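Here is how the chains run, residue by residue.
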Amino acid sequence: MLRESDMSLSPRKDSLLQYLGRNRSHMDALSSSRTWLIQTTEREGKTEWHVEGTFIHQTFILQGPDEEFSPFTEQPREEETVPVAEAEEPPRFRPGKKELKQKKDNKKEKSILEIPPAKNGNKKGEKNKKGNEKMPDGDYESRNAYQDLRESCPPLGLETLKITDFQLHASTVKRYGLGAHRGRLNIQAGVNENDFYDGAWCAGRNDPYQWIELDARRLTKFTGIITQGRNSLWLSDWVTSYKVMVSNDSHAWITVKNGSGDMIFEGNSEKEIPVLNELPVPIVARYIRINPRSWYEEGSICMRLEILGCPLPDPNNYYHRRNEMTTTDDLDFKHHNYKEMRQLMKVVNEMCPNITRIYNIGKSHQGLKLYAVEISDNPGEHEVGEPEFRYIAGAHGNEVLGRELILLLMQFMCQEYLAGNQRIIHLIEDTRIHLLPSVNPDGYEMAYEVGSELGGWSLGRWTKDGIDINNNFPDLNTMLWEAEDRKKFQRKVPNHHIPIPEWYLSENTTVAVETRAVIAWMEKIPFVLGGNLQGGELVVAYPYDMVRSTWKTQEHTPTPDDHVFRWLAYSYASTHRLMTDARRRVCHTEDFQKEDGTVNGASWHTVAGSINDFSYLHTNCFELSIYVGCDKYPHESELPEEWENNRESLIVFMEQVHRGIKGMVRDLSGKGIPNAIISVEGVNHDIRTASDGDYWRLLNPGEYVVTAKAEGYTSSTKNCAVGYDMGATLCDFTISKTNLARIKEIMEKFGKQPISLSIRRLRQRARQRRQQR
């Protein structure tokens, strides 16, 4: 174990390690030691460095003008076990007042190494960026070492599942569903909180001898711990204080000290809000153990946690090198607040002014503009025959990954367009793409203020006035199904473009201003395909999202276009690096592998008024919910890997807008007919043409009988074949006006007055009689 006991001497320690590295025998001894310790002592104006371990006991003196190290004494020792600190006295059942007071006293003894979390929560991985900060003298490695010591470390990955179940162990467990593998930050319990999927690690006994342990599988610089209580609707369980122990072999343990005594860390005061405790100084070890000391008096020992740490480089370990994810894309991998997001959009627009446009669709409750970026070869205009696509994110303000993926996507597409990537060039030239990264900027700012890992599961989810945007759209499903069930009505029920009910348009209705802005946007632009990026799971959900049976909460409820939706969902999931990986662990409680990383929304959990169902029933757009990661708000250091996980999927899904049929519906003079209905035989869902008479109908490969009709026109039917190659099949229609429509035109020409032959004859006879007289 490497304990960094004095920050001011850290650069010297780095030089010491370099000296040891030049002496093979010293390094072999250090590597063979189960635990080892570096300490410093001031003696007669000189600094003595003591390196102590199981197989080495060496003291070095810093001397000479060039500050070189020289060996002072060397006393190899026989193997002995380093005792665990304070192991001789069994811990008490509850900590006394003196133990708890150490938490307060600790604030006065903070080392420079302890970096308090800054407001935006990415500070666990950010460096101090003050330009006038004095750097220690020395070579490049020493400077880097100094910078590394001044930064805290990111999460090791309990929440993101980078830490596997096999790396977590516990003293006892209440039952399997409350095992150590469930002790992950923000993990959610199942609806029934059953034996398999519960919401925490819970010890089998309530006594101070319990622990939960993490094996990092390599030397790691641990810097902090984040804890939560048990996720449960019915029970209240959390730990109020704990100790921290470290080890290199899981046998000899050393307790983190606060001066001369064991340090007691303050835990949680309720079960959902995460609490961060940073270690007084970073500690290098392989294992870390959390030992609860006190807990909620009416509950049990239950914890969810995340460990902050920096794995040390191990170039000789092939396993770690093989599993390290890197990206070659030169993008801005960071979390962006509202101002930074707007600035990034501006930078992209300045880089690619000919293919991008920034606009806003409205404002949030607090007046923040809902900015979107359009990417097209002719931005600002709808081109006839070119489909429109949209990605939106941030309907839940705390689901941050989708927001950052959209910001990364717009950077990537601009760069690749400039670099001549033909795939991206064709996509931009043939598609009008709209990217709306933050539908709920008010909620995001709340989550951003506390940062990743510290906002819990729900902070920032809702709008400022407490509305869940994702479920705030009109419930058109009930209107459709009730009308279909009224068999006494012979009139055919419309299966598309169902109007919004009047009560929803009332100002007194509980509808977020953000929702109204999105609806107006959806009605204005003839979108064909869309995806809303969400977080907290790893699956693609397709409509319907609402069950048809009123007495059920889960029921497979397909749309008439179920096969198309399944394909769209699979196109994203199958190209994602993890969604269809049968070996991956489930995020919380649901295993979606039986459907290859996809799920019908209603069979998962019923939602009334979802954006997916509304989009399908009110507009032409097929919309899906794409859950891009188990962690809603991943640490900044995870963004490059998450980008690699989703990059190909984001592009492939956009390309699906060109699958199916497309064309124009014209009259005999060649003029496009707006609002014409396109029907596919055997599919009880129609779409309509845009204002210029063009249309796009998403279909899977096959042969279809397609009919175009419009009010006042005769219908026209064609056979249209959809192939497997990318690119929609052209299927144009020319329809003529009906006789009734021609009569109406004549009537309108004459001021809507009917022309009667008998009246004309009477008038002629009257004129003739007058002439004869």
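This text goes with the structure placed above it.
Conventions adopted
- Residues numbered from 1 in each chain as written.
- Predicted model: local features only at pLDDT ≥ 70, side-chain atom pairs only at ≥ 80, totals over all residues.
- Heavy atoms only, no water.
- Helix = DSSP H or I, 4+ residues; strand = E, 2+ residues; numbered from the N terminus.
- Contact = heavy atoms within 4.5 Å.
- Areas by Shrake-Rupley, 256 points an atom, 1.4 Å probe, with all protein chains shown as cover.
- Expected span 1.5 Å × (residues − 1).
- Buried < 20%, exposed > 50% of the residue type's maximum accessible area, 1.4 Å probe, protein only.
- Phe/Tyr/Trp six-rings, centres within 6.5 Å; stacked < 30°, edge-to-face > 60°.
- Lys NZ or Arg CZ within 6 Å of the ring centre and 35° of its normal.
- Pairing = 2+ DSSP bridges.
- Axes fitted to C-alpha atoms, helices over the stretch in contact; angles between N-to-C directions.
- 1 Å grid on protein atoms, 1.4 Å probe; cavity = no way out; pocket = protein on both sides within 12 Å on 5 of 7 lines; lining within 4 Å.
- Points joined across faces, edges and corners; volume = space filled by probe spheres on them.
- Nonpolar A, V, L, I, M, F, W, Y, C, P; charged D, E, K, R; others polar.
- Core = buried A, V, L, I, M, F, W, Y, C linked by side-chain atoms within 4.5 Å.

Participant: Mind showing me how you'd approach the overall build of the protein here?
Facilitator: When helices and strands are tallied, the protein shows 18 helices and 31 strands. Pairs at least 24 apart in sequence give 74% of the contacts found in the protein among residues at least 6 apart. Of the accessible surface of the protein, which amounts to about 36,200 Å², a share of 49% is contributed by carbon and sulfur atoms.

Participant: Is there a simple way to think about helix H7 (residues 400–419) in this case?
Facilitator: Helical periodicity: at 3.6 residues per turn, an α-helix aligns residues three or four positions apart in one direction. Helix length check: H7, at 20 residues, gives a terminal C-alpha distance of 29 Å against a target of 28 Å (1.5 Å per residue), a fit within 8%. Most of H7 sits inside the fold, with 16 of its 20 residues counted as buried. Directly after H7, the chain includes Gly 420, whose backbone phi takes a positive value near 85°.

Participant: I tried to follow the packing of aromatic side chains on my own but got confused; where do I start?
Facilitator: Remark: the centre distance and the inter-plane angle together describe each pair of aromatic rings, the angle taken between the planes. Scanning all chains against the criterion turns up 23 aromatic pairs. Chaining the aromatic ring pairs together yields one cluster made of Trp 481, Tyr 544, Phe 565, Tyr 616 and Phe 622. It is Arg 516 that lies over the ring of Tyr 504; its NZ or CZ is 5.8 Å from the centre. Against the face of Phe 733 rests Lys 718, its NZ or CZ located 5.4 Å from the ring centre.

Participant: Can you help me understand the sheet that holds strand S16 (residues 356–363) in this one?
Facilitator: Paired through backbone hydrogen bonds, the strands of a sheet run either parallel or antiparallel to each other. The mixed open sheet is built from eight strands, whose spatial order is S16-S17-S19-S18-S20-S23-S21-S22. Each edge of the open sheet is held by one strand with a lone partner, namely S16 and strand S22 (598–600). When strand polarity is set aside, the average angle formed by the axes of neighbouring strands in this sheet is 25°. Sheet topology note: the strand S20 (residues 527–534)/strand S23 (residues 622–629) ladder contains six bridges and is parallel. If you follow Gly 531 over to S23, its bridge partner there is Leu 624. Against the sheet, helix H12 (residues 513–524) engages S16, strand S17 (369–375), strand S18 (388–393), strand S19 (432–436) and S20, with an angle of about 130° to S16. Running over the sheet, helix H13 (residues 562–573) touches S18, S20, strand S21 (537–542), S22 and S23 and is turned about 30° from S23.

Participant: Even after reading the chapter, I still don't get the environment of Pro 560, so can you show me in this structure?
Facilitator: Note that Pro 560 resides in the loop between S21 and H13. In the structure, Pro 560 is positioned 124 residues away from Asn 684 in sequence and 5.7 Å away in space, judged by C-alpha atoms. With sequence-adjacent residues up to four places away left out, Pro 560 is seen in contact with Tyr 544, Tyr 616, Val 683, Asn 684 and His 685.

Participant: Even after reading the chapter, I still don't get the pairing of S20, so can you show me in this structure?
Facilitator: Across a regular strand the side chains alternate sides, sitting on one face of the sheet and then on the other. Burial runs high along S20: eight of the eight residues are buried. By the bridge criterion, six bridges tie S18 to S20 in an arrangement that is parallel. Each residue of the ladder has a partner; that of Ile 392, found in S20, is Asn 532.

Participant: Mind showing me how you'd approach empty space enclosed by the protein here?
Facilitator: Using a probe with the size of a water molecule, rolled over the atoms, empty space left in the structure can be pinpointed. According to the stated counting rule, one finds seven cavities of 30 Å³ or more in the structure shown. Computed from the structure, the largest cavity encloses a volume of approximately 110 Å³. In terms of lining residues, the largest cavity is bounded by 15 residues, among which Asn 186, Glu 453, Gly 455, Gly 456 and Tyr 633 are the most central. Here the residues of the lining of the largest cavity sort into five nonpolar, six polar and four charged.

Participant: Is there a simple way to think about the nonpolar core in this case?
Facilitator: Soluble globular proteins tend to bury their nonpolar side chains together. Within the largest apolar cluster, 90 residues are counted, with the highest numbers of intra-cluster contacts made by Tyr 391 and Met 413. Sort the elements by how many residues they give to this core and H7 lands first, with 10 residues. Counting 29 residues, the second-largest nonpolar core is a separate cluster that includes Ala 180, Tyr 242, Met 263 and Leu 279.

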